[in-house]
Amino acid sequence: MALWPWHAERILRKEMNQPTDFLYIAVILISIGIYGLVVKRNALRLIFSIELIANAVNLVLIAFSRMLPSPQGQVFVLFSIAISAAEVAVGLGIIIIAYRFYKDIDITEYKNLKN
Amino acid sequence: MVDSIFIGLSVITIGSAILSLESRELLYGGIALAVSMLGIAGYFIILDAPFVAMFQIAVYVGAVAVLIIFTVMLVRAPNTITKKETRKRKIAGILLGLAFLILAGSILGNSAATQLKFNDTVPIFDVQAIGKELLTYYSPVLLVLALTLAAAVIGALALARREDIEERNEPTN
């Protein structure tokens, strides 16, 4: 039973993409995320970087789930997406109250988070 | 060898990932992040996981990106490029990212993972298989995940609550 009509046959064709291609894309995305976490001092850009890294991990899980093959990789990715959605909600809430205190979203301005 | 769909998706995903960090306007950065997540959903489709791709589009592009864009509009940052991002820090960040890229790339290129191949004779996992896993073996995880999501949303609401407005509405003593 296919989910969509055009998904009746396999999309991934033989002798074309290999698992390492997807792993290389994931490595590139993680290094972009590391660059953003180190360089950027804007709190929202840090959340962008974290999201990029989380997406790269999801891509690796799906690639190995297709290769093994096992549906548990897809189940893990569903859990991972839900958890990062919760993380973004809490992170944005923290950014909003920090903006209310400091009138800025630059994390170098956050001298003390205690008050 | 990769095919043209893969190359196109790679250009879209990595290009908009870089753009989301480097764009001058924070709002355009949020939109570029949403486009990058759409590219990841495209990878999921060519990896025969259409349900996860739909979930990714619904959650990331539909909820997370919209939440980020609303936060960008709410905080109204006057200067998105600060003076704290010095040239030295930028060079250090680029070097660190490149070091990780070269390290992980060379490990990947020399490992046995290059011998792995996708198999064409395997069955496609559809919604039925995923739902069976979710409701039998992983059902406790699903319940805990529901509690986690509820707690996170309630916590975010409690964090973003404004106490000064409530004090004005309530008669003091």
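Rules used throughout
- Residues numbered from 1 in each chain as written.
- Chains lettered and ligands numbered in written order.
- Predicted model: local features only at pLDDT ≥ 70, side-chain atom pairs only at ≥ 80, totals over all residues.
- UniProt positions renumbered as here; feature names shortened; annotations may be inferred.
- Helix = DSSP H or I, 4+ residues; strand = E, 2+ residues; numbered from the N terminus.
- Domains from an automatic or database assignment.
- Contact = placed C-beta atoms within 7 Å.
- Nonpolar A, V, L, I, M, F, W, Y, C, P; charged D, E, K, R; others polar.
- Expected span 1.5 Å × (residues − 1).
- Buried ≥ 20, exposed ≤ 12 C-beta atoms within 10 Å, placed from the backbone.
- Arc of directions from axis to C-beta.
- Core = buried A, V, L, I, M, F, W, Y, C linked by C-beta atoms within 7 Å.

A. Representation of the UniProt feature "transmembrane region" (unreviewed entry) in chain B in the model. Under the feature "transmembrane region" (unreviewed entry), the UniProt entry names residues 6-21, 26-46, 52-75, 91-109 and 137-160 of chain B. This span, residues 91-109 of chain B, is 100% helix and 0% strand, and a straight line between its end C-alpha atoms measures 26 Å.

B. Expanded view of the domain arrangement of chain B. Partitioning chain B into domains gives domain 1 (1-78) and domain 2 (124-172). Relative placement of domain 1 of chain B and domain 2 of chain B: their C-alpha centres are 23 Å apart.

C. Examining the interface of chain B and chain A more closely. With 82 residues of chain B at the interface, the matching set in chain A holds 72 residues. Here the side of chain B that touches chain A takes 14 residues from helix α3 (residues 50-75) of chain B, the largest share from any one element. Residues of the side of chain B that touches chain A, tallied by class, amount to 56 nonpolar, 16 polar and 10 charged.

D. Local environment of helix α1 (residues 19-39) of chain A. In a regular helix each residue adds 1.5 Å, so 21 residues correspond to 30 Å; α1 of chain A covers 31 Å between its end C-alpha atoms and thus fits that length. For α1 of chain A, the tally of buried residues reaches 16 of 21 residues, placing the bulk of the element in the interior.

E. Seen up close, helix α1 (residues 4-22) of chain B. Along its 19 residues, α1 of chain B runs 27 Å from first to last C-alpha, staying within 8% of the 27 Å computed at 1.5 Å per residue. Regarding α1 of chain B, the residues found buried are L9, T13, S16, A17, S20 and L21 of chain B. Projected down its long axis, α1 of chain B carries its buried residues within an arc of 140 degrees, all on one side. Set apart from the buried face of α1 of chain B by more than 90 degrees, the exposed residues are S4, I7, G8 and V11 of chain B. In the core, the buried residues of α1 of chain B are packed alongside α1 and α2 (43-67) of chain A together with α2 (26-46) of chain B.

F. Region of the structure containing the environment of N119 of chain B. Residue and element names in this part refer to chain B. Within the secondary structure layout, N119 lies in the loop between α4 (87-110) and α5 (127-135). By the C-beta count within 10 Å, which is 12 here, N119 ends up exposed. Distance from N119 to F44, taken between C-alpha atoms, is 16 Å for residues 75 residues apart in sequence.

G. Representation of the nonpolar core in the model. Counting residues in hydrophobic clusters, the biggest one holds 60 residues, and the most contacted among them are A26, L29, L44 and L59 of chain A together with F44 of chain B. Going through the elements one at a time, α1, α2 and α3 (72-102) of chain A together with α1, α2, α3 and α6 (139-159) of chain B are the ones with two or more residues in this core. Counting residues per element, this core draws most heavily on α1 of chain A, which supplies 12 residues. Looking at this core, you find at least three residues from each of domain 1 (1-78) and domain 2 (124-172) of chain B.

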